[in-house]
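Structure assessment
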Amino acid sequence: FVRRSLDAHPDMISELESAELPAQAPAAWDRSSMDAFVRKHCPSDDADPEARLEKVLRWLRARVMLRCFARDLRGQASLEEVCRCMSDLADCAISHGQQLLERLLHAQYGEPMSEDGLRPQRLIVLGMGKLGGMELNVSSDIDLIFVYAEDGQLRRSDGSAGSLSNHEFFARLGRRLIALLDQTTAD
């Protein structure tokens, strides 16, 4: 993993800097730095924001993993730090993916509303198992459950009814989120 990542992106050597001076190794990634990385590399005017986010999430994963490996192998990272870092990475990817895909699907189909048409509905993504306990390790997969509060219809920005039910909308959102997170890409 390390060799492939560095061969593909030599600029990531900074994640492993100071190998001779372990006391000066880079600090662990935290959730706020992960969020900042995604925001920095995903401009709001991108022509294909979904493809861009897919690429950026994979760059982030490689950087986070490299630094985590380096800190762990130097004895600088506790098991708790590694698990927290991996769990934060998964949570960051899910959160940014969900936000972007909701925005894209809202623009295309409208916004899911409650049965009475008064309250917007959101998809709730629950992390199960190790993710739910913030105990992911570097080889863990994630188990997700998607839920939403109530059925209803979509409403477009002009106030007209959308063509999908909430169930259809959230099923599409869930499938696209899984694909965004799971697809193997060149990155």
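The sections below set out a description of the structure shown in this document.

Reading the values: rules and limits
- Residues numbered from 1 in each chain as written.
- Predicted model: local features only at pLDDT ≥ 70, side-chain atom pairs only at ≥ 80, totals over all residues.
- Heavy atoms only, no water.
- Helix = DSSP H or I, 4+ residues; strand = E, 2+ residues; numbered from the N terminus.
- Buried < 20%, exposed > 50% of the residue type's maximum accessible area, 1.4 Å probe, protein only.
- Contact = heavy atoms within 4.5 Å.
- Areas by Shrake-Rupley, 256 points an atom, 1.4 Å probe, with all protein chains shown as cover.
- Disulfide = S-S within 2.5 Å.
- Phe/Tyr/Trp six-rings, centres within 6.5 Å; stacked < 30°, edge-to-face > 60°.

Points about the overall build of the chain
Along the chain, the regular secondary structure elements total six helices and five strands. Listed N to C, the secondary structure of the chain is α-α-α-α-β-β-α-β-β-β-α in terms of helices and strands. Taken along the three principal axes of its C-alpha coordinates, the chain extends 65 × 35 × 25 Å. Burial statistics for the chain: of 187 residues in total, 37% are counted as buried. Partitioning the contacts of the chain with sequence separation of at least 6, the portion at a separation of at least 24 is 67%. Of the accessible surface of the chain, which amounts to about 10500 Å², a share of 51% is contributed by carbon and sulfur atoms.

Things to note about the state of the cysteines
The full count for this structure, using the stated rule, is zero disulfides. Here cysteine 68 stays free of any disulfide, with the sulfur of cysteine 85 as its closest cysteine sulfur at 4.6 Å.

Focus on the packing of aromatic side chains
Counting across every chain of the model gives four aromatic pairs. Geometrically, the ring pair formed by phenylalanine 1 and phenylalanine 69 is edge-to-face, given 5.6 Å between the ring centres and 80 degrees between the ring planes. A residue pair is termed long-range when its members are at least 10 positions apart, and phenylalanine 1 in the segment before helix H1 (2–8) and phenylalanine 69 in helix H3 (residues 49–73) qualify at 68 residues. Among the aromatic side chains, those forming a connected cluster through ring pairs are Tyr148, Phe169 and Phe170.

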